[in-house]
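Below are the chains, spelled out letter by letter.
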Amino acid sequence: MKSRNLVYSTDQGRLCPLCEHPTDNCICKNDGILGDGNVRIMLETKARKGKGVTVISGLAMAADELKALAKKLKAQCGTGGSVKEGNIEIQGDNREKVKQLLEKEGIKSKLAGGH
């Protein structure tokens, strides 16, 4: 059961759903692995003004490993990107290239969504 009855607050920003501390000072994320290990690669265009973005979700990695992998993928694809909410976003439609690069890293993945 949650220890506080705080419903909404703007002075601390987003709160962690597990420990209810601000996400910057979260005490449970230090050992947390993001993702479920079921790696999916999909192309998203919603809310991006028609621009396609390759999204890699479900990677069972810590936040630091996720950022390092994102940096490597961005360099190999020659595009920009970011890590958001445990997902790696690579600009453009790079699904096939990302799938090949993940296989080289020893990560099994599958293409999801419309191909």
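Residues numbered from 1 in each chain as written. Predicted model: local features only at pLDDT ≥ 70, side-chain atom pairs only at ≥ 80, totals over all residues. Heavy atoms only, no water.

Novice: I keep staring at unusual backbone geometry and nothing clicks. Help me out?
Specialist: The bulk of non-glycine residues show a negative phi, and the bulk of peptide bonds are trans. Its identity is not glycine, yet Ala-47 carries a phi of approximately 60°, on the positive side. Along the polypeptide, Ala-47 turns up in the loop between β1 (39–44) and β2 (53–57). The phi torsion at Lys-49 lies on the positive side, around 55°, for a residue other than glycine. The topology assignment puts Lys-49 in the loop between β1 and β2. (Helix = DSSP H or I, 4+ residues; strand = E, 2+ residues; numbered from the N terminus.)

Novice: Looking at this structure, I do not really get the nonpolar core. What am I missing?
Specialist: Across soluble globular proteins, you tend to see nonpolar side chains buried next to one another. Of all hydrophobic cores here, the largest spans 16 residues; its most connected members are Ile-56, Leu-59, Leu-69, Leu-73, Ile-88, Leu-102 and Ile-107. Every element with two or more residues in this core is listed here: β1, α1 (63–77), β4 (87–91) and α2 (95–104). Examining the composition of this core, we find that 5 residues originate from one element, α1, more than from any other. In contact with Leu-73, not counting residues within four places along its chain, are Ile-56, Ile-88, Ile-90, Leu-101 and Leu-102. (Core = buried A, V, L, I, M, F, W, Y, C linked by side-chain atoms within 4.5 Å. Buried < 20%, exposed > 50% of the residue type's maximum accessible area, 1.4 Å probe, protein only. Contact = heavy atoms within 4.5 Å.)

Remember that the coordinates give geometry; whether it matters functionally is a separate question.
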